[in-house]
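Spelled out from the first residue to the last, the chains are:
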Amino acid sequence: MHVHIRFLGGAGTVTGSKYLVEHAGQRLLVDCGLFQGYKQLRLRNRDPLPIAPEQIGALVLTHAHLDHSGYLPLLAKEGFQGKVWVTPATRDLARILLPDSGHIQEEDAAFANRHGFSKHAPALPLYTEDDALRSLKLLHSVPMHQLFEPLAGWQARFYSAGHILGAASLLLSVGGQRLLFSGDLGRSDDILMNPPDPAPDADVVVCESTYGDRDHPEENLLTELAPVLQRVAARGGTAVVPVFAVGRAQELLHAIAQLKATGALARGLPVYLDSPMAIHSTGLFARHLGEHRLNAAQCHALEQVATMTRSADESKAIARQHGPKVILSASGMATGGRVLHHLAQHLGDHRNLVLLTGYQAPGTRGASLAGAATQLRIHGKDISARAEVVQLSSASAHADAGQLLAWLRALPNAPRRVFVTHGDPAASDRLRFRIENELHWPALVPEHGSTWAV
């Protein structure tokens, strides 16, 4: 009897990862992500899944980023009651990210309703903070590398993927097939996270392709970041840094701490971490020593280098601080959260700087800024974009094309097929081409909603 994989997200796009594995009447969902970016993608979050949530027996999350985990509260709200298998660090991060996601959605809906700029009356969140808190009761953590049974007769094991705390690749054995899901693979040269584990033997591989059509430049984050922040400080400006609350926020804090320690940045340059989610996530690094490159002293330094602004009033007070400063705030693609208020405040002044630190999905405000947009729509208003915009090339948390191919090449044996997912169409197709022509393995880019027998 065949094993089937149904691509319900992360196919033809870099967000919304959801892979439904079916065999002998049982169904397992690998990842449960929100769609982000273009409006037509975000609207998919409102569409019912083509399968009733209660018919899904179990769920495995490769990591806690919302494009892999953020649909879980809605799935649970609509009837999913199975176990959600995660690594311990993913469990800890999900406890921070998912309620925060619900809270932000409630805030955004309330703001839209107050100011009347939503096309829906009233604007409603996908799910609430309470919905997210209820879904957390379904989480079951398993240590990295330990064998577990997500469904009767199915075996699974997590392998470290680097990328962020708790991120894993998943090897799933079912129906005589070994299916390997890469999850999001980190860089072998990341300054924060350990490199991914070597890929285990597998018959079928589902591989991400975020950077499938390019390699990262040789430049080091410290040497790239220092002159940018020196420049904005010298002209008395504010650097607004949209960051992913898990991973990039901590990498930037670590880099700034090192630059201040060496004198490359003035020790007195004010730095703010304005994201409760990022603040809580930063504290987890000390609890998960060994999963990253930092020692206990460096974890402590992360929490000392910035002023942590937890409340909304503290966040608003940052704007009253005169002189140069650096504001790190979520979200990383400027799709929501507190960073929008900082952008609205600072984007119109040429002395200021917007520093983009990671992948910017098409259709997001971050992608618009990276594409030299002259104005940005924020909270229903068009804001002129006069500030300098810099996109760091060395701060990505994803493996580049060469590193993805190296991870695949290290498989003990050639798989029968590679599905190339989680990338923009150009990136996915380029990686598919290289797998076929350099590794000589069958590879394809599945379409959204398609089902394949493996």
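Our subject is the structure that appears above.
Residues numbered from 1 in each chain as written. Predicted model: local features only at pLDDT ≥ 70, side-chain atom pairs only at ≥ 80, totals over all residues. Heavy atoms only, no water.

**Q** What exactly am I supposed to notice about the packing of helix α6 (residues 221–234) against helix α7 (residues 248–262) here?
**A** Each pair of packed helices can be summarised by the angle the axes make with each other and by the distance between the axes. Direction vectors running N to C along α6 and α7 enclose 75 degrees, while the axes themselves pass 10 Å from each other. One element, α6, and the other, α7, form an angle in the roughly perpendicular class. Residues L221, L222, L225, A226 and L229 of α6 form the contact with α7, whose participating residues are E251, L252, A255, I256, Q258 and L259. Partitioned by chemical class, the residues of the contact of α6 with α7 number 9 nonpolar, 1 polar and 1 charged. (Axes fitted to C-alpha atoms, helices over the stretch in contact; angles between N-to-C directions. Helix = DSSP H or I, 4+ residues; strand = E, 2+ residues; numbered from the N terminus. Parallel < 35°, antiparallel > 145°, perpendicular 65-115°, else oblique. Contact = heavy atoms within 4.5 Å. Nonpolar A, V, L, I, M, F, W, Y, C, P; charged D, E, K, R; others polar.)

**Q** So what exactly am I meant to see when it comes to the side chain of H63 here?
**A** Along the chain, H63 falls in the loop between β4 (58–60) and α2 (66–69). Side chain to side chain, H63 and T62 meet in a polar contact 3.2 Å long. At a separation of 3.4 Å, a polar atom in the side chain of H63 contacts the side chain of D184. Excluding anything up to four places from it in sequence, H63 contacts D31, H68, S69, T90, H163, I164, A167 and D184. (Polar contact = N/O pair within 3.5 Å; in protein donor to acceptor, adjacent residues only side chain to side chain.)

**Q** Got a minute to help me understand the side chain of S182 in this structure?
**A** Within the secondary structure, S182 is located in the loop between β9 (177–181) and β10 (204–208). Judged by relative accessible area, S182 falls into the buried class, the value being 1%. From its side chain, S182 meets the backbone nitrogen of E208 in a polar contact 3.0 Å long. In this view, S182 contacts A161, A168, S169, V206, C207, E208 and W407; residues no more than four positions away in its chain are not counted. (Buried < 20%, exposed > 50% of the residue type's maximum accessible area, 1.4 Å probe, protein only.)

**Q** Before we go on, may I ask you to explain the nonpolar core in this structure?
**A** Formed by 99 residues in total, the largest nonpolar core has its most connected members in L225, L328 and I435. For this core, the element with the most residues is α7, which contributes 7 residues. Not counting residues up to four positions away in its chain, the partners in contact with L328 are V241, V243, A249, L252, L253, I256, V271, Y272, L273 and D274. With 28 residues, the next largest nonpolar core counts I5, F7, L170 and F181 among its residues. (Core = buried A, V, L, I, M, F, W, Y, C linked by side-chain atoms within 4.5 Å.)

**Q** Looking at this structure, I do not really get the sheet that holds strand β12 (residues 271–274). What am I missing?
**A** Each strand in a sheet pairs with another by means of backbone hydrogen bonds, the pair being arranged parallel or else antiparallel. One open sheet accounts for 6 strands, arranged β13-β12-β14-β11-β15-β18; its pairing is parallel. At either margin of the open sheet sits one strand with a lone partner, and together these are β13 (307–308) and β18 (388–391). Bridging between β12 and β13 involves 2 bridges; their strand directions are parallel. What sits directly across from Y272, in β13, is T307. Against the sheet, α7 makes contact with β12 and β14 (325–329), and its axis sits at roughly 160 degrees relative to β14, the strand it touches most. (Pairing = 2+ DSSP bridges.)

**Q** Could you clarify how one ought to interpret the sheet that holds strand β8 (residues 168–174) in this entry?
**A** Reading across from one edge, β7-β8-β9-β10-β19-β20 is the order of the 6 strands in this open sheet, with mixed pairing throughout. Strands at the two margins of the open sheet, each flanked by one partner only, are β7 (155–160) and β20 (443–444). One ladder, built from 5 bridges, connects β8 with β9; its direction is antiparallel. Bridging across to β9, L171 finds its partner in L180. Contacting β10, β19 (417–421) and β20, helix α14 (residues 425–439) crosses the sheet at an angle of about 160 degrees to β19.

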